[in-house]
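Residue-level structure breakdown
Chain by chain, the residues run as shown.
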Amino acid sequence: LGVCPKRGPMHPIDTLLARLDLDRLDRDLYRGHTPNDGRQRVFGGLVAAQALIAAYRTVDETDKFAHSLHGYFLRPGDPRGPILFDVDRIRDGKSFATRRVVARQEGEAIFNMAVSFHVYEDGLSHQERMPETPAPEGLKNNAERLAEYAQQTSNPVFPFLLRLERPIEHRDPEPIDLLHPQPHRGLKRLWFRGDGAIPDNQALHQAVVTYASDMGLLDNCIQHHGHTWLDPNLMIASLDHALWFHRPIRADDWLLYSMKSPNAEGGRGFNTGRMYAADGTLVASVAQESLMRVKRSP
């Protein structure tokens, strides 16, 4: 995989592309690195994206492309150490190939993913229409909104977030007030794209979208009840993650992430999402179940 173009260190997307350039240790065994930036655990979207790249390294990219992935987050990843990705070549067929990837740290599995690859073929086609949404141009980006929160409150989380790598740019047409949240139910829309150009390699674009797909999705089930990730009485984490690629995708063009939470029960929230290119083409669908425990007063 050709990863980082020669353009200097200032483009935020380059940090992510460099982390997707896994070290090959042996046949079907790869090593990935994560930023040790003060977070308590590795971002789940990064582990999933790296696992997808590891699976891609074992198939013929000119022939087959990932059409679906299903992952389970098993243990929190430690950002202070590397992650090993062990790929099992489950099946290689003429039209489909299947891989299982286990991500490990210190001998313990932290993430498990199945990936299916398919040779593109012509067939019947239809899609659900993209919801009407204000264009991203003119909307504030994620850095601008974080800076505004940092001016409004002394909470140290906002200066901390502003220091983190931000390879994905977000623009929210309907932002939730994190300091004074109200229940938000139904559809939630969010524009995103990689913050910089990405080489013309479908595996890389799918991996960047996989990384970004874990951002904002979990929020839907807690925002339904008027909570945000700032709530100290809330314990939240991604439990599993599934993504289907319907059509070729570009992660450095604007994509609309249309999300909702159909259900929550038993300390778990269920969230779904659809991703559309700016011209209205449905390019991917997402589903995730998350842990959402609320601490009860004694």
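Residues numbered from 1 in each chain as written. Predicted model: local features only at pLDDT ≥ 70, side-chain atom pairs only at ≥ 80, totals over all residues. Heavy atoms only, no water.

What follows covers helix H2 (residues 44-56). With 13 residues, H2 ought to run about 18 Å at 1.5 Å a step, and its terminal C-alpha atoms sit 19 Å apart, in line with that. Buried residues dominate H2, accounting for 13 of its 13 residues. (Helix = DSSP H or I, 4+ residues; strand = E, 2+ residues; numbered from the N terminus. Expected span 1.5 Å × (residues − 1). Buried < 20%, exposed > 50% of the residue type's maximum accessible area, 1.4 Å probe, protein only.)

On to the packing of aromatic side chains, then. Scanning the model with the defined rule gives 6 aromatic pairs in all. Relative to Phe 111, the ring of Phe 73 lies with its centre 5.0 Å away and its plane at 40°, an arrangement referred to as tilted. Residue Phe 73 is found in strand S3 (residues 65-73), and its partner Phe 111 is found in strand S6 (residues 108-118); the two are separated by 38 residues along the sequence. There is no split in this pair, since Phe 73 and Phe 111 are both buried. Connected via pairs of aromatic rings, a cluster forms that spans Tyr 149, Phe 158 and Trp 229. (Phe/Tyr/Trp six-rings, centres within 6.5 Å; stacked < 30°, edge-to-face > 60°.)

Another point: the pattern of salt bridges. All chains considered together, the criterion is met by 21 salt bridges. Note that Asp 78 is salt-bridged to Arg 80, the shortest N-O span being 3.0 Å. What makes Asp 78 partly exposed here is its relative accessible area of 28%. Arg 171 serves as the salt-bridge partner of Glu 169, at 2.9 Å between the closest nitrogen and oxygen. Relative accessible area serves as the criterion here: at 7%, Glu 169 is assigned to the buried category. Judged by relative accessible area, which is 17%, Arg 171 ranks as buried. (Salt bridge = Lys/Arg side-chain N within 4 Å of Asp/Glu carboxyl O.)

Let us look at the confidence of the model for the protein. For the protein, per-residue confidence averages 93 on the pLDDT scale, and 96% of positions sit at 70 or higher. Every residue in residues 1-7 is under pLDDT 50, and counting partners more than four places away or in other chains gives 23 contacts. (pLDDT = per-residue confidence, 0-100. Contact = heavy atoms within 4.5 Å.)

Turning to the side chain of Gln 288, a few remarks are in order. Relative to the helices and strands, Gln 288 resides in strand S12 (residues 282-294). A distance of 3.3 Å separates a polar atom in the side chain of Gln 288 from a polar atom in the side chain of Ser 238. At 2.9 Å, the side chain of Gln 288 and the side chain of His 241 are in polar contact. If sequence neighbours within four positions are ignored, Gln 288 has contacts with Asp 214, Leu 217, Leu 218, Ser 238, Asp 240, His 241, Gly 269, Phe 270 and Asn 271. (Polar contact = N/O pair within 3.5 Å; in protein donor to acceptor, adjacent residues only side chain to side chain.)

A word on the sheet that holds strand S1 (residues 23-26). Strand order in this open sheet of 12 strands is S1-S2-S4-S5-S6-S3-S9-S12-S11-S10-S8-S7, and the pairing throughout is antiparallel. Each edge of the open sheet carries a strand with a single partner, namely S1 and strand S7 (168-171). Put simply, the sheet's adjacent strands are angled 25° from each other on average, direction ignored. Where strand S2 (residues 29-32) and strand S4 (residues 83-92) come together, 4 bridges link them in antiparallel fashion. (Pairing = 2+ DSSP bridges. Axes fitted to C-alpha atoms, helices over the stretch in contact; angles between N-to-C directions.)

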